[in-house]
Each structure stands twice: as C-alpha cells, then as structure tokens.
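Fold and contact review
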Amino acid sequence: MPILLNRLSTKSAKLIIAPRGMFQAGALSHKSLKKNIYIAIFKWLIPQKSTKWHATDQQEAQDIKNIFGINSSIQIIPNIPSVVKPLGKILKKEVGSIRIVSISLITAKKNLLLTLNALTALKGDIVFDIYGPIKDREYWKECELVIDRLNNEGIKVQHRGAIKHEDVQETIEQYHLFILPTKGENFGHAIFESFSVSRPVITSKLTPWVDLESKNAGWNIDIENADQLANTIKKAIELDQNSFQLLTSGAQEIAQEFWKSNRFKERYKTLFNS
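Since we're looking at a predicted model, the values are computed, not measured.

About the criteria used
Residues numbered from 1 in each chain as written. Predicted model: local features only at pLDDT ≥ 70, side-chain atom pairs only at ≥ 80, totals over all residues. Heavy atoms only, no water. Buried < 20%, exposed > 50% of the residue type's maximum accessible area, 1.4 Å probe, protein only. Helix = DSSP H or I, 4+ residues; strand = E, 2+ residues; numbered from the N terminus. Pairing = 2+ DSSP bridges. Right-handed = clockwise from strand over helix to strand, strands pointing away. Phe/Tyr/Trp six-rings, centres within 6.5 Å; stacked < 30°, edge-to-face > 60°. Axes fitted to C-alpha atoms, helices over the stretch in contact; angles between N-to-C directions. Contact = heavy atoms within 4.5 Å. Core = buried A, V, L, I, M, F, W, Y, C linked by side-chain atoms within 4.5 Å. Parallel < 35°, antiparallel > 145°, perpendicular 65-115°, else oblique. Nonpolar A, V, L, I, M, F, W, Y, C, P; charged D, E, K, R; others polar. Expected span 1.5 Å × (residues − 1). Arc of directions from axis to C-beta. Polar contact = N/O pair within 3.5 Å; in protein donor to acceptor, adjacent residues only side chain to side chain.

Moving on, we get to the pairing of strand β4 (residues 97-103). Look at any regular strand and the pattern is simple: side chains alternate between the two faces of the sheet. The element β4 is extensively covered by neighbouring structure, given that six of its seven residues are classed as buried. For β4 and strand β5 (residues 125-131), the ladder comprises seven bridges, and the chain directions are parallel. Paired with S102 across the strands is I130, a residue of β5. The parallel pair β4 and β5, bridged by helix α5 (residues 112-119), forms a crossover whose chirality is right-handed.

Quick look at the structure:
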C-alpha cells in the first residue's frame, strides 16, 4: 500500500526496501508462478530512481540485481542480531548421546523433512526438539509420518510449538546442536542465536554462515545429499566432552567476531539519511 500510494502521488518519496531473502532462488522456487506475477507488478510500481535496496550480504545484492537490474541502488548492511552471551556452564556431552534443536518456520524451504529422514539412518540416545509455527500443513503431514517412525524406533522427536524471541537463546542453551538445512537464508537469525550462546550448527551452504567446519563451529552440508547430513549428525553424536567444548568455543568466536566487525549504528544511519 505505501508503494502504491507513492506511485499515485505527485511527489515521489524515497523508498528503502529490504527483501529479507525473498529473492533467493530457493524462496522463488516455491509457488513460483504467483511470485513471478507479483514481482512483475512490483517492478512496475516502484520508482527505480528513488528506490534504495537494503541487502544483508553480497548474494542478496546479486539477487536484487538479477531481478531489478544491475543499476539498482543497493546498500549492504548485515542484520542486527542478538547480543552474544558470555560462555556459561558447558552442557555435558557423552559419546553416543545428543540433544538437537531446530527453531524455524515449518515450511519446505526450511527443509525439516531432510533432517528427519537423515535421523532414520542413525542410532543412539538422540533427542530432537522442533520449535516453530506450522506454516505449510501438507508439508507437516509428511514430517509427521517420519516423526512417528523415529519415535517408534527409539529416537525422541517432538514438536514443541512456537517460541517467543526472548526465549530463543535460553532454549538453545539446553541442547548440544542446532540444525537447519535450509534451502536459503539471507542471514539466518536462529543460526546466529545458536552461535551467540556457544552452540555449534549444522546448516546448508546457502546461508552467510559458511566454512563452519574449518572454524570449529559446526558443519555446512549439501542439501542434495541426504547421506552427508546423516553422516554429519553421526559425527556430532560421537563427540566427547572435549571435542564438544572446542565447537562451543568456535561458535562463540563467530558471534563475537561478527559484532566486532560490523559498525551497525553508523551504517544504518547512512542508509536512512542518504
């Protein structure tokens, strides 16, 4: 509505638009016809000369250019995440036992089903708790079938519903590992929340959080390779206390470095004042 009113006005106001990952290939592939029609109308509505785009990384900037042209005015500033918590009491980690958590919308894009299918190939004392609202009921029905199978085989899987943002950090601290094999994130707030409380992450290669294994903070997996995900979870299950603590240190280091390297206040002032 603001864009439409701006279009009809005799004076064009400056617009700042933040796509928040909606132009990623993974996002556009779901309900693509509807989204392509919407984008075509949207391109007609926005005044190119007075529109500035807020991208959170280089990939999102390229996604914007792919749709709206290489001359689009784009400023890259990362999202402002949660404050990093001091390293608290380390959770006990035994070989063959693990507590895993996922916090996200339950949709095909977040790829929960891939994690569930990977768990069917594993053994051990495994707890997997899923937090987040169910946005795609048909997709959730597929997930429930695998969840029933896993629970029958002794792997404890439970959907714990939606969670308030202020409870996310405290919740993740109760687990050894955060997992989100997403089909694409422009930032991935829940992933950063995990790093901010010193918990390693398994995620895809389609987020800004890459090279996790070399940073001793988790693993990046190929979402087209279900066996790779299963093998990676197995590595996490087999971690002993010392190995787990190395990963917690690496995760916290990523979060601290992110805060240090980004001048958030200064850069956002530039975005809104330019």
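Let's shift gears to the packing of aromatic side chains. Tallying each qualifying case throughout the model produces 14 aromatic pairs. When the centroid spacing of 5.8 Å and the interplanar angle of 40° are considered together, the rings of F192 and W209 count as tilted. Residue F192 is found in helix α8 (residues 189-196), and its partner W209 is found in the loop between β8 (201-204) and β9 (218-221); the two are separated by 17 residues along the sequence. Given a relative accessible area of 0%, F192 falls into the buried group. In this structure W209 comes out as buried when scored by relative accessible area, which is 7%. Ring pairing ties together the aromatic residues F23, Y38, F42, W53 and F68, which thus form one cluster.

Taken in spatial order, the six strands make up an open sheet running β6-β5-β4-β7-β8-β9, and their pairing is parallel. Either end of the sheet is taken by a strand with one partner, and the two such strands are β6 (156-159) and β9. Direction aside, the axes of adjacent strands within the sheet are offset by 20° on average. Across the sheet, α5 touches β5, β6, β7 (177-180) and β9, and the angle it forms with β5 is around 165°.

So, on to the nonpolar core. Counting residues in each nonpolar core, the largest one holds 36 residues, and the members touching the most others are L112, L116, F128 and I233. Within the residue set of this core, elements represented by two or more residues are β4, α5, β5, α6 (137-152), β7, β9 and α9 (226-237). Apart from residues no more than four positions distant in its own chain, I233 is found in contact with I100, A118, L119, L122, I179 and I202. If you look at the next biggest cluster of nonpolar residues, it comprises 26 residues, including V168, F187, A255 and Y268.

In this section: the packing of α8 against helix α10 (residues 241-261). The geometry of α8 relative to α10 is characterised by a closest axis approach of 7 Å and an angle of 110° between their N-to-C directions. The angle between α8 and α10 places the two elements in the roughly perpendicular class. Residues F192, F195 and S196 of α8 lie in contact with α10, whose contacting residues are A251, Q252, I254, A255, F258 and W259. Looking at the contact of α8 with α10, its residues break down into seven nonpolar, two polar and no charged.

It is worth spelling out α9 at this point. Three or four residues apart is the spacing at which side chains of an α-helix point the same way, because the helix has 3.6 residues per turn. Here α9 contains twelve residues, and its C-alpha end-to-end distance of 17 Å stays within 8% of the 16 Å for a straight helix at 1.5 Å per residue. Turning to α9, its buried residues are L229, A230, T232, I233, A236 and I237. Angular distribution of buried residues about the axis of α9 spans 160°; they occupy a single face of the element. Where α9 is buried, its residues touch β4, α5, β5, β7, β8 and β9. Near the N-terminus of α9, the side chain that reaches the backbone nitrogen of D227, with its oxygen 3.2 Å away, is that of N225.

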